[in-house]
Amino acid sequence: MSQGPLSGLRVIEFAGIGPGPFAGMLLADMGAEVIVIERPVALRTLGAGEAMNRGKRSICLDLKNPLGLQAVQALVNSADALIEGYRPGVMERLGLGPATFEHSNPRLVYGRVTGWGQTGPLAQSAGHDINYVALTGALSVATRAGVPPSLPATLLGDMAGGAMFLAFGLVCALLEARASGRGQVVDAAMVDGVGTLTALIHSLRGSGLWSERPAENFFLHSSPFYDSFECADGQYLTLGAIEPPFYRELLQRLDLADVDPAQQYDIRQWPALRERVAERIRSKTRDQWATLLEGSDACAAPVLSLAEAAEHPHNRARGNFAEINGQLQPAASPRFSRTPGRTPQAGPTPGAHTRELLLELGLTPEQIELLTR
């Protein structure tokens, strides 16, 4: 339990779905002791699964049982940080809001992750990843002419906008608490996080370098050098040769020597050249193109399935994936030279450490029996 740069940190995570468990996984991967509080079996929803519960301990407690609530409070009072992902007000109604621990654990960093945040007119509204991304404007840039915008499931709102900013906020607040001796609430809203992720686009837009008209913006699937293109076998190859030297090499490797690389950003030439590039790429299979282009500066890569990604030589060399109990898991990231994170492992079954943790809290065998029967 001590491996990683966050060794010695104790985090209490209230079981949920999506960004809360993922933020807990990130901290556990880096060596934190993460204890997941699960609800009784009858009250559980979709769990975090083996991957996102890896490296954690799990305790099952009924918060409606006064003894169970006391055990939860004791766990939180022993912790450096807490993670919860309920709607605003739920933890307060359970008697587990930040005010409960102001005096008993003043250094506690209280992490809250929601879609809309703890305040604002939408705070109590239901929503999901796609809704939060839409409201930030980020979904509008995931489009191509004549096609509704789309985005990869859960990655942008739940994980990047929610979990990553929660984990970052928790570590920031924990560092500050070392100096001040005081904890604080971290309000990680997915809509806020995704908004922050659009900083580069806003910078480009403010500089006049971002057009909202797809035909004039290479990011929006109109150019011949930045998009996914279909291959002879129905698979896809991505091109991303934005810079002139990379574009020049791409043209050479596609046998388009008659194309002037100096005219790369002449948008009038894009439609016809895009057709030529598309036709050229349709002449070979995805794997044939990968053999020809990978490792070059042409900025090309095949679109792989999740299973194929785990077998790619680059991912294998870096140990980016592992199969645990027949299930594929991504490895911990980032890498550290002196205090590496934990390797992927199977997560505990819900409540696997209930008796162990209750004994650590000092409960008697009789009390444990009352809580676990």
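Residues numbered from 1 in each chain as written. Predicted model: local features only at pLDDT ≥ 70, side-chain atom pairs only at ≥ 80, totals over all residues. Heavy atoms only, no water.

## With respect to the pattern of salt bridges
Inspection of the entire model under this criterion finds 21 salt bridges. In this structure, the salt-bridge partner of arginine 112 is glutamate 92, at a minimum N-O distance of 3.0 Å. Of the two residues, arginine 112 is situated in strand E5 (residues 109–114) and glutamate 92 in helix H4 (residues 90–93); the sequence distance between them amounts to 20 residues. What makes glutamate 92 partly exposed here is its relative accessible area of 40%. The salt bridge involving aspartate 258 is made with arginine 276; its shortest N-O contact spans 2.9 Å. (Salt bridge = Lys/Arg side-chain N within 4 Å of Asp/Glu carboxyl O. Helix = DSSP H or I, 4+ residues; strand = E, 2+ residues; numbered from the N terminus. Buried < 20%, exposed > 50% of the residue type's maximum accessible area, 1.4 Å probe, protein only.)

## Observations regarding the packing of helix H5 (residues 129–136) against helix H7 (residues 190–197)
Put simply, H5 and H7 touch, their axes get as near as 9 Å, and they point 50 degrees apart. Regarding the angle of H5 to H7, the classification is oblique. For the crossing formed where H5 meets H7, the hand is right-handed. Side by side, H5 and H7 meet where Tyr132, Val133, Leu135 and Thr136 of the first sit next to Met190, Val191, Val194 and Gly195 of the second. Looking at the contact of H5 with H7 residue by residue, the class counts come to six nonpolar, two polar and no charged. (Axes fitted to C-alpha atoms, helices over the stretch in contact; angles between N-to-C directions. Parallel < 35°, antiparallel > 145°, perpendicular 65-115°, else oblique. Left-handed = near helix turned anticlockwise from the far one by under 90°. Contact = heavy atoms within 4.5 Å. Nonpolar A, V, L, I, M, F, W, Y, C, P; charged D, E, K, R; others polar.)

## Observations regarding helix H3 (residues 66–77)
Compared with an ideal rise of 1.5 Å per residue, which puts 12 residues at 16 Å, H3 spans 16 Å between its outermost C-alpha atoms and is within 8% of the ideal. Taken as a whole, H3 has its buried residues at Leu67, Gly68, Leu69, Ala71, Val72, Leu75 and Val76. Packed against the buried residues of H3 are strand E1 (10–14), strand E2 (33–38), strand E3 (56–60), strand E4 (81–84), helix H14 (354–360) and helix H15 (365–372). Where H3 begins, the side chain of asparagine 65 points an oxygen toward the backbone nitrogen of leucine 67, at a separation of 2.8 Å. (Expected span 1.5 Å × (residues − 1). Polar contact = N/O pair within 3.5 Å; in protein donor to acceptor, adjacent residues only side chain to side chain.)

## Some remarks on the sheet that holds E4
Picture the strands of a sheet paired through backbone hydrogen bonds; they go either parallel or antiparallel. With parallel pairing, the six strands of this open sheet are ordered in space as E3-E2-E1-E4-E5-E6. Here the strands that pair on one side only, and so sit at the sheet edges, are E3 and strand E6 (185–189). Mean inter-strand twist for the sheet, computed between neighbouring axes without regard to direction, equals 20 degrees. Pairing of E5 with E6 involves five bridges; the strand directions are parallel. Following the sheet pairing, valine 113 is matched in E6 by alanine 188. (Pairing = 2+ DSSP bridges.)

## Observations regarding the nonpolar core
Ranked by size, the top nonpolar core spans 29 residues in total, and within it Val11, Phe22, Leu27, Ile83, Val109, Leu166 and Leu170 carry the most contacts. Counting only elements with at least two residues in this core, the list comes to helix H1 (19–29), E4, E5, helix H6 (155–180), E6 and H7. Ranked by the residues each element gives to this core, the list is headed by H6, at seven residues. With residues near it in sequence (within four places) discarded, leucine 170 still touches Leu27, Ala81, Leu82, Ile83, Val109, Gly111 and Val186. Residues Ile59, Val76, Ala79 and Leu358 belong to the second largest nonpolar core, which totals 26 residues. (Core = buried A, V, L, I, M, F, W, Y, C linked by side-chain atoms within 4.5 Å.)

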